[in-house]
Amino acid sequence: MSLRNKIIVAGVGESDIGKVPGMTGVGLNAQACKRALDDAGLTLKDVDGVLTAYTMTEPYFMLGTVVAEYLGIQPRYCASVAVGGGSPAVMLKHAAEAVLAGHCDTVLVCAGENRATGQSRDSAVAALTIVGHPYFENPYGPLIPGFYAMIARRYMHEFGTTREQMAAVAVNGRNHALRHPNAHMTKSITAEDVLNSKPIAEPLNILDCCLISDAAGAFVVTRADRAPDLANDPAYLLGIGEFHTHEHLIAAPSLTEFGCKQSGEAAYAMAGLGPRDVDFAQLYDCFTIVPIIEMEELGLAERGEGGERFLRGETAIEGSLPINTDGGLLSHAQAGAGGGIFGIVEATRQLRGDQGDRQVKKHDVALVHNEGGILSSNCTMLLGREAR
Amino acid sequence: MSGDLPAPLVNADSAPYWEGARDNKLLLQRCSDCGTLRFFPRYLCTACGSENTDWIEAAGRGTVHSFTVVHRAAFPEFQERTPYVVALIDLEEGPRMMTNIVGADALEVAIGDAVMVEFEDRGGDGAKVPQFRRA
Ligand SMILES: [Zn+2]
């Protein structure tokens, strides 16, 4: 089913971000939902569908209905999606399909957790091991940075990607976060800071790793013909695709080729667009190696040249291909399944063209990529300022 | 790496694998119909869908596909052993598995290094996990 031009992101919202000790995880989601509905000019009464992901900080099981119950609504379409960091983009796709199929009209999508203050730092780190294979990986004491470190090592070996290029990814995100009004990180960093920061799993240092934030994001999905009734300009869904190759690194078909390629090709095909049509991109950046790989897999750079584009500054807001203009997971926010949702929030805002001194110059077509697991579940979307 | 690290979790899919490890044998599942070797163990063949399975003993030789040196572990029993090496090994027979690289020269490991299996006591009741050292 082609979703092209038929569906819009009608409104977007972010909770307070950083250390937010006065709020629960589901409360942060409610705050983001309220802000997304306000942004759309809609209310909870307009919502008849709810999608969310999962939580590792609060003892809830059926999180979709937990969120609906907390908001006091009774949707006719509701579910929890668990494809890790890929969840927000996948939820947008599933919401769009549900709306087009007539199952509901207006889907509220949210994700995020109180990762920073809702649990101890050690238990937060321990929780991350659950992505590892319990029987055949975890006996060897890996953890998420370790899995990505093995990908980084192999990628460097095959394509010549360097630590300096990866450091440039972290600096690019931080520079953008400093210009964002609601980013977790507020202090500037240099490439030397990244290269000299504490080693976590070689070749990744602490500044190559995403944040642990209290944060939630939300967006509203509805039919494109409702655009005239909204409070703000929507983002039009031009194309979207997902692809899932494995969960555990031991079962990954390759350490250098991932499902981003297939998810991207599906998104481009639906939109009738190609990489050259992309004005700016929000790429999942749980670790500095990841947006480099995604750029190359998505055709935004030749193989082995993504890192160089970051190093040359082409990915800055003023550059030829701005990437992660909110600071990304590395510097804006990361909270469980919530990380990728901010890419959708930020793309929608930049497409509107009202972001002042941090506005990208060309803002007709945005690419957003989310991935979950160990580059396991991939979802790519193209959003447009207008239908096309 | 040593005996006070957690014992492997044994389940119905993997029981023969861990029984083999107790006898210092690295066992691989093989499809009885199409002969495809697979790792990790599971109920059916991912190549042909067959439910008929037997096990072979691997030679225990492999090559390092990638690795990391871990400095920050998730659990205290691993944190005590930092820095340690986690690696992906391509076995001579084909399948890829995760391991630690152990031995005095473990931290000097590189992609493409030849490695050889050995078995590490875990949990104190005879359970072992396969580990690899540079050959
Ligand atoms: Zn078979």
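Residues numbered from 1 in each chain as written. Chains lettered and ligands numbered in written order. Predicted model: local features only at pLDDT ≥ 70, side-chain atom pairs only at ≥ 80, totals over all residues. Heavy atoms only, no water.

**Here we look at the packing of aromatic side chains**
Thought 1: Considering all chains together, one arrives at eight aromatic pairs over all chains under this definition.
Thought 2: One aromatic cluster is present, formed by Phe136 of chain A together with Tyr17, Trp18 and Phe39 of chain B through successive ring pairs.
Thought 3: A cation over an aromatic ring shows up here: Arg42 of chain B above the ring of Phe40 of chain B, its NZ or CZ 3.9 Å from the ring centre. (Phe/Tyr/Trp six-rings, centres within 6.5 Å; stacked < 30°, edge-to-face > 60°. Lys NZ or Arg CZ within 6 Å of the ring centre and 35° of its normal.)

**A few points about the side chain of Thr325 of chain A**
Residue and element names in this part refer to chain A.
Thought 1: Topologically, Thr325 is positioned in the loop between α10 (306-311) and α11 (328-331).
Thought 2: Taking relative accessible area as the criterion, Thr325 reaches 0% and is therefore assigned buried.
Thought 3: Among the polar contacts listed, one links the side chain of Thr325 to the side chain of Gln282, at a separation of 3.0 Å.
Thought 4: The residues contacting Thr325, other than those within four sequence positions of it, are His176, Gln282, Ile317, Glu346, Gln350, Arg358 and Val360. (Helix = DSSP H or I, 4+ residues; strand = E, 2+ residues; numbered from the N terminus. Buried < 20%, exposed > 50% of the residue type's maximum accessible area, 1.4 Å probe, protein only. Polar contact = N/O pair within 3.5 Å; in protein donor to acceptor, adjacent residues only side chain to side chain. Contact = heavy atoms within 4.5 Å.)

**Here's the deal with the environment of Glu202 of chain A**
Thought 1: Position of Glu202 of chain A relative to the elements: it lies in the loop between β5 (199-201) and β6 (204-205).
Thought 2: Along the backbone, Glu202 of chain A and Arg153 of chain A are 49 residues apart, and their C-alpha atoms lie at a distance of 8.2 Å.
Thought 3: Once you skip the residues sitting within four places of it in the chain, Glu202 of chain A turns out to touch Ala149 and Arg153 of chain A together with Phe67, Thr68, Val69 and His71 of chain B.

**Let's talk about unusual backbone geometry**
Thought 1: Following Phe39 of chain B, the chain continues into Phe40 of chain B via a peptide bond in cis, with omega recorded as 10°.
Thought 2: With respect to the helices, strands and loops of the structure, Phe40 of chain B is situated in the loop between β2 (37-38) and β3 (53-57).
Thought 3: Thr82 of chain B connects to Pro83 of chain B through a cis peptide bond whose omega is -5°.
Thought 4: Of note, Pro83 of chain B is situated in the loop between α2 (76-79) and β5 (84-91).
Thought 5: The backbone of Asn324 of chain A shows a phi angle near 50°, a positive value even though the residue is not glycine.
Thought 6: For Asn324 of chain A, a relative accessible area of 4% puts it in the buried group.

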